[in-house]
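Residues per chain are reported as follows:
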Amino acid sequence: MTSRSGQYVIPAMHAIEGAGFHVRRPFPTPNLPMVDPFLLLDHMGPQDHAPGEAEGAPDHPHRGFETVSYILEGAFEHKDSVGNAGRIGPGAVQWMTAGAGVVHSEMPAAEIRTDGGRLHGFQVWVNLPAAAKMMPPRYQDVLATDVPEVELDEGRVTVRVIAGDLAGASAAARTHTPIAYWHLRLQPGGRFVGPVPDAWNAMAYVVDGSVVAGGASADEGHLVLFAPDGDEVVVVAGEAPADVLLLAGEPIREPVARYGPFVMNTREEIIEAFEDYQAGRMGRITV
Ligand code: MN
């Protein structure tokens, strides 16, 4: 196995989403529009909200890709035009395939909006290949207890397997293209080594603490993009514990036309998406 080098260290930008919640966003940015097949990484919080202050993303559409929500603290409630409604709590994952189109709302849980509370989580956007962009919408709700956990480096590294396989554990969520999404929790000095096929793109986002990833030092809120020069990635914690998201995937290598909540292959398909949404053909929320 050959270890990949950390090629770029990219600070997350600050962005405001939905009705006004703040996120840290390592990409897309003008310098890093995507990391094929990943279109976006948003880090929400951790933030303590006073009563009446927590904002979410009320009714909005998506088409042509998947939104993957992973919550560490607090809870979100979702409902959509297909009739689904549910709650994502700490440790849980919602893998939502927008496909041909869905209108959904993603809001902090009612008790957090009313009484205040802490929110911490992530949303990743995963592109779909052209052949799957217009598939019927699909939800995969993965409970926290159904996310496999792997212990490595004599217990100094714990990995939650959100997508893909690691050390004999397989994630519950099914993906359309090969993807690894691993949440690494490293104790001081903990060293993670994971296999990533050399044709895949790979990155490590530092949620908390400081690490050395592929030889590159990175602090909280920074993304390390690995060079395509090996078939494994190495992430090492310093003298404090660290929390890292490791994302890797086989690139789709198709043209990307994106605007707001729609990600297609051509500009014409984006216009069609707007027309379909405005004409109500993506439905509305009635639940
Ligand atoms: Mn959404």
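All values derive from a computational prediction rather than experimental measurement.

Rules used in this analysis
- Residues numbered from 1 in each chain as written.
- Predicted model: local features only at pLDDT ≥ 70, side-chain atom pairs only at ≥ 80, totals over all residues.
- Heavy atoms only, no water.
- Donors = N, O, S within 2.8 Å, 3.2 Å for Na, K, Ca; no water.
- Buried < 20%, exposed > 50% of the residue type's maximum accessible area, 1.4 Å probe, protein only.
- Core = buried A, V, L, I, M, F, W, Y, C linked by side-chain atoms within 4.5 Å.
- Contact = heavy atoms within 4.5 Å.
- Pairing = 2+ DSSP bridges.
- Helix = DSSP H or I, 4+ residues; strand = E, 2+ residues; numbered from the N terminus.
- Axes fitted to C-alpha atoms, helices over the stretch in contact; angles between N-to-C directions.

(A) Spatial organisation of the coordination of the manganese ion. Coordination of the manganese ion by the protein involves His 60 (NE2), His 62 (NE2), His 104 (NE2) and Glu 106 (OE), with metal-donor separations of 2.1 to 2.2 Å. In terms of primary sequence, the donors binding the manganese ion are separated according to H-x1-H-x41-H-x1-E. With respect to class, His 104 is no different from Glu 106; both count as buried.

(B) Structural detail: the nonpolar core. Counting residues in each nonpolar core, the largest one holds 31 residues, and the members touching the most others are Val 159, Trp 182, Leu 184, Leu 186, Phe 192, Val 235 and Leu 246. Discounting residues that sit within four places of it in the chain, Leu 246 has contacts with Ala 180, Tyr 181, Trp 182, Leu 184, Phe 192, Met 203, Ala 204, Phe 226, Val 233 and Val 235. Counting 28 residues, the second-largest nonpolar core is a separate cluster that includes Leu 32, Val 35, Val 126 and Leu 225.

(C) Quick look at the sheet that holds strand S4 (residues 38-49). Judged by pairing direction, the sheet is antiparallel, and its 7 strands sit side by side in the order S2-S3-S4-S11-S6-S9-S12 without closing on themselves. What marks the edges here is a single partner per strand, and that holds for strand S2 (13-17) and strand S12 (138-142). Pairs of neighbouring strands in the sheet enclose a mean axial angle of 20 degrees, with direction left out of account. Bridge count for S4 against strand S11 (residues 117-127) is 9 bridges, and the pairing is antiparallel. Within S11, the position partnered with Asp 48 by the bridge is Arg 118.

Geometric descriptors of this kind do not, in isolation, establish any biological role.
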